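Below, each chain spelled out in residue letters.
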Amino acid sequence: NFESANFFKPGKKIMVLGGDGFCGWPTSLHLSGLGHEVTIIDNFSRRNIDNELESNSLTPVYPMGTRLNAWEEMSGQFIDFHRIDIAVEYEKLLQIVNEKKPDVIVHFAEQRSAPYSMKSPAHKRYTINNNLNATHNLLSVIVESGLDIHLVHLGSVGIYGYGTAGIKIPEGYLDVEVQTETGERLKKQILYPTNPESIYHLTKSQDQLLFFYYNKNDQVRITDLHQGIVWGTNTNETSLDERLMNRFDYDGDYGTVLNRFLMQAAVGHPITVHGTGGQTRAFIHIQDTVRCIQLAIENPPLPEERVMIFNQVTETYRIRELAELVSNLTGAPIQYVPNPRNEPAENELSISNDHLLSKGLNPITLDHGLMQEVTMIARKYAHRVNHAKIPATSTWTKEKQPGVYDAF
Ligand code: NAD
Ligand code: USQ
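Since this is a predicted model, take the numbers as computed values, not measurements. (Residues numbered from 1 in each chain as written. Chains lettered and ligands numbered in written order. Predicted model: local features only at pLDDT ≥ 70, side-chain atom pairs only at ≥ 80, totals over all residues.)

## Regarding the overall build of the chain
From N to C terminus, the chain includes 12 helices and 14 strands. For 408 residues, the compact-globule formula gives about 22 Å, and the C-alpha radius of gyration of the chain, at 21 Å, lands near that figure. Taken along its principal axes, the extent of the C-alpha atoms in the chain is 70 × 55 × 40 Å. The long-range share in the chain, meaning contacts at least 24 apart out of those at least 6 apart in sequence, stands at 83%. (Helix = DSSP H or I, 4+ residues; strand = E, 2+ residues; numbered from the N terminus. Rg over C-alpha atoms; globule rule 2.2 N^0.38 Å. Contact = placed C-beta atoms within 7 Å.)

## Some words on the environment of Asn-131
Structurally, Asn-131 is set in helix H6 (residues 121–145). Placed 21 residues apart in sequence, Asn-131 and Glu-110 show a C-alpha to C-alpha distance of 5.0 Å. Setting aside its immediate chain neighbours within four residues, Asn-131 contacts Glu-110, Gln-111 and Thr-203.

## Examining the sheet that holds strand E3 (residues 80–83)
An order of E3-E2-E1-E4-E5-E8-E12 is seen for the seven strands of this open sheet, with the pairing classed as parallel. Both edges of this open sheet fall to E3 and strand E12 (308–312), since each of them pairs with a single strand only. Averaged over neighbouring strand pairs, the angle between their axes works out to 20° when direction is ignored. Taken together, the five bridges between strand E8 (residues 221–227) and E12 define a ladder with parallel strand orientation. If you follow His-226 over to E12, its bridge partner there is Asn-311. Helix H7 (residues 199–218) contacts strand E5 (150–156) and E8 of the sheet and is inclined by roughly 155° relative to E5. (Pairing = 2+ DSSP bridges. Axes fitted to C-alpha atoms, helices over the stretch in contact; angles between N-to-C directions.)

## Thoughts on the nonpolar core
Membership of the largest hydrophobic core comes to 93 residues, with the highest contact counts inside it found for Leu-17, Val-106, Phe-261, Leu-262 and Ala-378. Per-element accounting of this core gives the leading share, eight residues, to helix H8 (residues 257–267). Once residues within four sequence positions are removed from consideration, Phe-261 is found in contact with Ile-271, Leu-322, Ala-323 and Val-326. Formed by five residues, the second largest nonpolar core is a distinct cluster that contains Met-118, Ile-199, Tyr-200 and Leu-202. (Core = buried A, V, L, I, M, F, W, Y, C linked by C-beta atoms within 7 Å. Buried ≥ 20, exposed ≤ 12 C-beta atoms within 10 Å, placed from the backbone.)

## Description of the UniProt feature "domain: NAD-dependent epimerase/dehydratase" (unreviewed entry) in the chain
When the UniProt feature table is mapped onto this chain, "domain: NAD-dependent epimerase/dehydratase" (unreviewed entry) is found at residues 14–300. Secondary structure content for residues 14–300 is 40% helix and 21% strand, while the C-alpha to C-alpha distance between its ends is 13 Å. (UniProt positions renumbered as here; feature names shortened; annotations may be inferred.)

## Considering the sheet that holds strand E13 (residues 315–318)
The strand order across the open sheet formed by three strands is E9-E11-E13, and the pairing between neighbours is mixed. Of all strands in the sheet, those bounded by a partner on one side alone are strand E9 (229–231) and E13. Neighbour-to-neighbour, the strand axes of this sheet turn through a mean angle of 45°, independent of strand direction. Here helix H10 (residues 319–330) sits on the sheet and contacts strand E11 (280–285) and E13; the angle it forms with E13, its principal contact strand, is near 85°.

The structure is reproduced here in structure tokens:
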């Protein structure tokens, strides 16, 4: 079942920004395995944030050199790596783009945790500066290089907001009908108005406007993938050797909900449901993430086409349903804790994902076998868990008042 058997097929030149991260590393291996010429750019900020938070990935994350050597040993494929802070080192980014002349740039290089972005004014400012400058520098570099580069960006379902009033969320564009000054009815498609619930999600909302502008003004070809919460750890490629293992975030800031629940069950911690657990969210397995990025690369927008937006999700679940699923699977107890976030206590979420399905995605749905696999990984590395880092401690407002959201 190793999709990457076709090692020597000539491919595209692809740069993966943020290629050391949870989604970027398995994507880099997957694309390299398909025969593409891959260059990773990363500034290791995610590894440094682990140091700042005194937390760690549950699984061991090997140094980049060890990872790349292991990949070459296993696949015969070479991946190039450059350490660049794309939010700051504009000239270095421009130089490497001019040298490599990539056909495609996949952009994962942003601070991606909502709780981390809400920890303090300094964390808010860092997230805004890093994410907006990263995206803007990249767009500016693409234009300055004069190359026709297809930019594939990882956005977030969260920018749509979670109070969608019974609307099935479309893929980026909303059909509206307005009355003109002369009384005619005008039909238009507009970017779905964003309603972010964290500073992190706010940066993803701003990214959307940056893409809109650079596409309109400079005809940059862009696919923006609005991705749901990723779960799972390994892909076909990262499973080949322990040195290729993907990271597994479990702490209160970076651990995402389903992986946290599976980890909690494995290490004997109650499953922490925020509030009533009535929040409905969209999910995707990491193996589907890498496949969707492949599909986005294989189906670029035409020159001068508007920004292509796909919802990169495979299913939706209510958080308490997930907790019950994991509890039934493992016997772990559920603990309802006060919600540190400012989010609707209960929400429905219906979301269209037709584009990726039409391009050939065959979704992996929540499957007991796969969930057990994640629990096995968590059990194997349970000795690495720092229990003090499990609770979610980042609150959304200075004096968090439970239920305050409902007042708005
Ligand atoms: P991650 O933090 O594991 O990876 C991001 C990588 O980007 C890290 O290796 C980090 O060092 C690097 N990076 C950050 N800022 C950089 C900069 N200025 N210059 C160079 N490198 C930089 O995050 P992830 O989970 O892999 O997420 C990747 C992308 O996918 C993010 O943009 C995120 O918003 C999006 N996304 C993630 C999820 C999820 O559940 N993990 C869901 C939806 C969308
Ligand atoms: N939650 C719990 N218990 C926990 C942890 C979380 O009940 O122990 C709840 C949260 O309150 C929230 C939901 O689970 O209602 C999801 O939280 P999360 O941390 O799994 O996901 P989120 O903060 O939305 O962010 C993650 C990624 C982000 C990505 C986003 C996709 O970190 O990069 O953009 O998922 S989406 O949610 O679709 O916007």
